[in-house]
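# Topology and contacts: notes
Here is how the chains run, residue by residue.
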Amino acid sequence: MILTKQYRCIHSSSCQCTKGHLSEDLIFLVFQQLNWNPKLIATLSLVCKWFDDLDKRVLWKEFCKTRAPKMMLDLQSSGSHSVDGNWRALGKLLIYCSGCSGGHLFNSVQIPGHFVYRTRFSRTSGKSFLLPQCRTDILYVSDPCEHLDQGEEGDVGFFRGVFKLFLVSKVRKMLIDRAAKLHPTAVCPYCKAKLWDMLQAKMIPQSASCSLGAYEDCIEYYVCLNGHMLGICTLLPLSDSEEASGSE
């Protein structure tokens, strides 16, 4: 892989790195040996803007391609070498459950965000979250991250997802045609863009609850201007037969 080399810090004259850095090629090889460790990538970005720029352009991209290769290949199959909202945001979406503790979204529960070891994202499941007239759009959605026994709310599931080519999607066009309002205060936890309320826009199909295994009237989700999705649902309890098969 040939990278454009940048040897000088783009931060400021007071930065400790003004005498130059290792080449991008060498940093690439180091993080390749570290299997694109997301914690180390995030730490490196704090050094200065030069490293932060390298993280966003190269390291997070390679992390995403390693963590979800088929999904990334599909998201880039249009020929674009970038993704909506940048690679760092997508990398965070792959490994971070946003929860709800800020008081802006999903006010019924207070569950802090947290990192998850592994999550499955499905393009097939994503179809269940689209109205029939938008089914040609491509949306990847995660399995719900389960938070059980949340008092009156029961078993809560958080899910997240990302659209392919959201700027030209039918979902975005419908949101604009319906004059859907953006949330006044909350922003996407992955890219900090404004959020559309899909429940308020009446764009949550019944099939979404079936896909999640959730109560039909207890599901809501938001989509940001860059096409990242985050939502919450109340999960149906396991039936006796499901519990038995699970124990086997």
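This structure is a prediction, so every number in the text was calculated from the model and none was measured.

### A word on helix H3 (residues 49-67)
- For H3, spanning 19 residues, the distance from its first C-alpha to its last is 25 Å, which sits close to the expected 27 Å at 1.5 Å a residue.
- The largest bend in H3 is about 50°, located at aspartate 55.

### Considering the side chain of aspartate 197
- The topology assignment puts aspartate 197 in strand E8 (residues 194-197).
- Comment: no salt bridge for buried aspartate 197; closest opposite-charge side chain is arginine 178, at 11 Å.
- Engagement of the side chain of aspartate 197 in a polar contact is seen with the backbone nitrogen of leucine 199, the distance being 3.0 Å.
- A polar atom in the side chain of aspartate 197 sits 3.2 Å from the backbone nitrogen of glutamine 200.
- What aspartate 197 contacts, discounting residues up to four positions off in sequence, is Lys181, Tyr221 and Tyr222.

### Digging into the packing of helix H1 (residues 24-33) against H3
- Closest axis-to-axis distance for the H1/H3 pair is 11 Å, and the angle between their directions is 50°. In terms of axis orientation, H1 runs oblique to H3. Helix-helix and strand crossings are classified by hand; for H1 and H3 the assignment is right-handed. Facing H1, whose interface residues are Glu24, Ile27, Phe28 and Phe31, H3 presents Trp50, Phe51, Leu54, Arg57, Val58, Leu59 and Glu62.
- The residue makeup of the contact of H1 with H3, split by class, is eight nonpolar, no polar and three charged.

### With respect to the packing of H3 against helix H5 (residues 87-95)
- Relative to each other, H3 and H5 sit at 40°, their axes nearing to 8 Å. One element, H3, and the other, H5, form an angle in the oblique class. Crossing of H3 against H5: the hand is left-handed. For the pair H3 and H5, contact is made by Asp52, Asp55, Lys56, Trp60, Lys61, Phe63, Cys64 and Arg67 and by Trp87, Arg88, Leu90, Gly91, Leu94 and Ile95, respectively.
- Residues that form the contact of H3 with H5 fall into these classes: seven nonpolar, one polar and six charged.

### Comments concerning the packing of aromatic side chains
- Within the structure shown, the criterion is met by nine aromatic pairs.
- Between the aromatic rings of phenylalanine 163 and phenylalanine 166, the centroid separation amounts to 5.1 Å while the plane-to-plane angle is 50°, which identifies the pairing as tilted. With respect to burial, phenylalanine 163 and phenylalanine 166 carry one shared label: buried.
- Seen in terms of ring centroids, phenylalanine 166 and tryptophan 196 are 6.3 Å apart; in terms of plane orientation they differ by 55°. Their pairing is tilted. Taken together, the residues phenylalanine 166 in the loop between strand E6 (156-163) and helix H7 (170-177) and tryptophan 196 in strand E8 connect sequence positions 30 residues apart. Here phenylalanine 166 matches tryptophan 196 in class, with each residue buried.
- Counting every residue linked through ring pairs, the aromatic cluster contains Phe129, Phe159 and Tyr221.
- One cation-aromatic arrangement involves lysine 92 over tyrosine 96; the distance from NZ or CZ to the ring centre is 5.0 Å.

### Observations regarding the pattern of salt bridges
- For the structure on display, the rule yields nine salt bridges.
- The salt bridge involving arginine 123 is made with aspartate 74; its shortest N-O contact spans 2.8 Å. Residue arginine 123 is found in helix H6 (residues 123-127), and its partner aspartate 74 is found in helix H4 (residues 69-75); the two are separated by 49 residues along the sequence.
- The class of arginine 123 is partly exposed, set by a relative accessible area of 35%.
- For aspartate 74, a relative accessible area of 11% puts it in the buried group.

Cut-offs applied
- Residues numbered from 1 in each chain as written.
- Predicted model: local features only at pLDDT ≥ 70, side-chain atom pairs only at ≥ 80, totals over all residues.
- Heavy atoms only, no water.
- Helix = DSSP H or I, 4+ residues; strand = E, 2+ residues; numbered from the N terminus.
- Expected span 1.5 Å × (residues − 1).
- Bend = angle between axes of the 7 residues up to and from the residue.
- Buried < 20%, exposed > 50% of the residue type's maximum accessible area, 1.4 Å probe, protein only.
- Lys, Arg positive; Asp, Glu negative; His and termini not counted.
- Salt bridge = Lys/Arg side-chain N within 4 Å of Asp/Glu carboxyl O.
- Polar contact = N/O pair within 3.5 Å; in protein donor to acceptor, adjacent residues only side chain to side chain.
- Contact = heavy atoms within 4.5 Å.
- Axes fitted to C-alpha atoms, helices over the stretch in contact; angles between N-to-C directions.
- Parallel < 35°, antiparallel > 145°, perpendicular 65-115°, else oblique.
- Left-handed = near helix turned anticlockwise from the far one by under 90°.
- Nonpolar A, V, L, I, M, F, W, Y, C, P; charged D, E, K, R; others polar.
- Phe/Tyr/Trp six-rings, centres within 6.5 Å; stacked < 30°, edge-to-face > 60°.
- Lys NZ or Arg CZ within 6 Å of the ring centre and 35° of its normal.

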